[in-house]
Amino acid sequence: MGLTQVLVVIGLFVLIAVIVASVVNVAQENAQARSLSVGAGTLRRLAGSTRWRKVADDEDVPAGRIGDVGLTRHAAVAGTHDGRAVRVAVFASSRVAGTYQGVPTRWAVVPGLVVAVDAPDLPGDLQMNPIQGAQRYGTLGSLAPLVSGDTERKVLAQLRSYSPPAVDIADGTACFTFTDMDLAEQIDDVAAMACDVVGILAGVRKSVPPAVE
């Protein structure tokens, strides 16, 4: 086989690989767009139930870890659990899905489900980042000392009961950011889990000396 034929064969393999990768990427992007629609539709249906009300467009709902690029809120509901106010929203942001010579040529939708729980009894800040397949979390912030020992085991057991979320606590609000839109169908249980986590941390904070806060 001559050099020209070898180059042609290599070119064909490269072309096939590019086409396959493109098809896979488009399929993933379409699946994300569908999950966004399903998640938002689920929250809109819940807005008519006795436990949840629709959040007005001008009411604020924290976006948690959802990216700022192209950030939009597609649906949101509010309710209470164990005496805590809870807001739930489906957001979408954008990410670059294709470039040409370093310039973005295509954007993909990135959906996210955020559960925000009022936590005035947790002044300070906390960031919990799932790592190693959520077998453990990286923990940062002034409230990080609370997440240790038996408390850490209790908190992680709660978080692992669903698609492990990223957790952010700041300004008296705890945000749980999920990427699994199917959890909108289980939002009562997910909200209960989020409130349980806040309750566990708040209970520990009450028992620690002020210097540990």
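As the structure is a prediction and not an experimental result, all values here were calculated from the model.

S.K.: Help me out: how do you make sense of the overall build of the protein in this one?
M.R.: For the protein, the helix and strand inventory stands at 3 helices and 8 strands. Mapped in sequence order, the helices and strands of the protein form the string α-β-β-β-β-β-β-α-β-β-α. Relative to its 213 residues, the protein shows a buried fraction of 38%. Taking all contacts inside the protein whose residues are at least 6 apart in sequence as the whole, residues at least 24 apart take part in 62%. When the accessible surface of the protein is summed, it comes to about 11500 Å², and 57% of that surface belongs to carbon and sulfur atoms.

S.K.: Just checking my understanding: could you explain empty space enclosed by the protein for this structure?
M.R.: A complete count under the given rule lists 1 cavity of 30 Å³ or more for this structure. Considering only enclosed or pocket space, the largest cavity measures out at about 30 Å³ in volume. Around the largest cavity sit R51, W52, G79, T80, H81, V86, D188 and A191, which together line it. At the level of elements, strand 2 (72-81) and helix 3 (187-207) are the ones that each hand at least two residues to the lining of the largest cavity. Among the elements that make up the lining of the largest cavity, the one with the highest residue count is strand 2 (3 residues). Per-class residue counts for the lining of the largest cavity are 3 nonpolar, 3 polar and 2 charged.

S.K.: Just checking my understanding: could you explain the pattern of salt bridges for this structure?
M.R.: Any two side chains of opposite charge can pair, so long as their charged atoms come close to each other. Evaluation of the coordinates by the stated rule reveals 8 salt bridges. Here R87 and D118 are joined by a salt bridge, their closest N and O atoms 3.5 Å apart. Residue R87 is found in strand 3 (residues 84-100), and its partner D118 is found in strand 4 (residues 103-118); the two are separated by 31 residues along the sequence. Here R87 falls in the buried class, since its relative accessible area comes to 18%. What emerges from the salt-bridge pattern is a single network uniting D150, R153 and K154.

S.K.: For this particular structure, what's the right way to read the layout of surface pockets?
M.R.: Where empty space is left can be seen by rolling a probe of water-molecule size over the atoms. In this model, the largest pocket occupies a volume close to 170 Å³. L43, R44, A47, K54, V55, D57, R73, H74, A75, A76 and V77 are the residues that line the largest pocket. Mapped by element, the contributors of at least two residues to the lining of the largest pocket are helix 1 (3-46) and strand 2. Tallied by class, residues from the lining of the largest pocket come to 6 nonpolar, 1 polar and 4 charged.

S.K.: So what exactly am I meant to see when it comes to the environment of R65 here?
M.R.: One can find R65 in the loop between strand 1 (53-54) and strand 2. Classification of R65 as partly exposed rests on a relative accessible area of 36%. Sequence separation between R65 and G112 is 47 residues; the distance between their C-alpha atoms is 8.5 Å. Dropping the residues within four chain positions of it, R65 is found in contact with Q127, M128, N129, A166, V167, D168 and T177. Only 2.7 Å separates the side chain of R65 from the side chain of D168, close enough to count as a polar contact.

S.K.: Help me understand the nonpolar core, please; the structure alone is not making it clear to me.
M.R.: Core analysis: the biggest nonpolar cluster contains 45 residues, and V115, L159 and F176 have the highest contact counts within it. Looking at which element gives the most residues to this core, the answer is helix 3, with 11 residues. Residue contacts for F176: discarding those within four places in its chain leaves L113, V114, V115, V117, L159, P165, A166, V167, A194, V197 and V198. Listed in part, the 11 residues of the second largest apolar core include V61, I66, V114 and C175.

Cut-off values and rules
Residues numbered from 1 in each chain as written. Predicted model: local features only at pLDDT ≥ 70, side-chain atom pairs only at ≥ 80, totals over all residues. Heavy atoms only, no water. Helix = DSSP H or I, 4+ residues; strand = E, 2+ residues; numbered from the N terminus. Buried < 20%, exposed > 50% of the residue type's maximum accessible area, 1.4 Å probe, protein only. Contact = heavy atoms within 4.5 Å. Areas by Shrake-Rupley, 256 points an atom, 1.4 Å probe, with all protein chains shown as cover. 1 Å grid on protein atoms, 1.4 Å probe; cavity = no way out; pocket = protein on both sides within 12 Å on 5 of 7 lines; lining within 4 Å. Points joined across faces, edges and corners; volume = space filled by probe spheres on them. Nonpolar A, V, L, I, M, F, W, Y, C, P; charged D, E, K, R; others polar. Salt bridge = Lys/Arg side-chain N within 4 Å of Asp/Glu carboxyl O. Polar contact = N/O pair within 3.5 Å; in protein donor to acceptor, adjacent residues only side chain to side chain. Core = buried A, V, L, I, M, F, W, Y, C linked by side-chain atoms within 4.5 Å.

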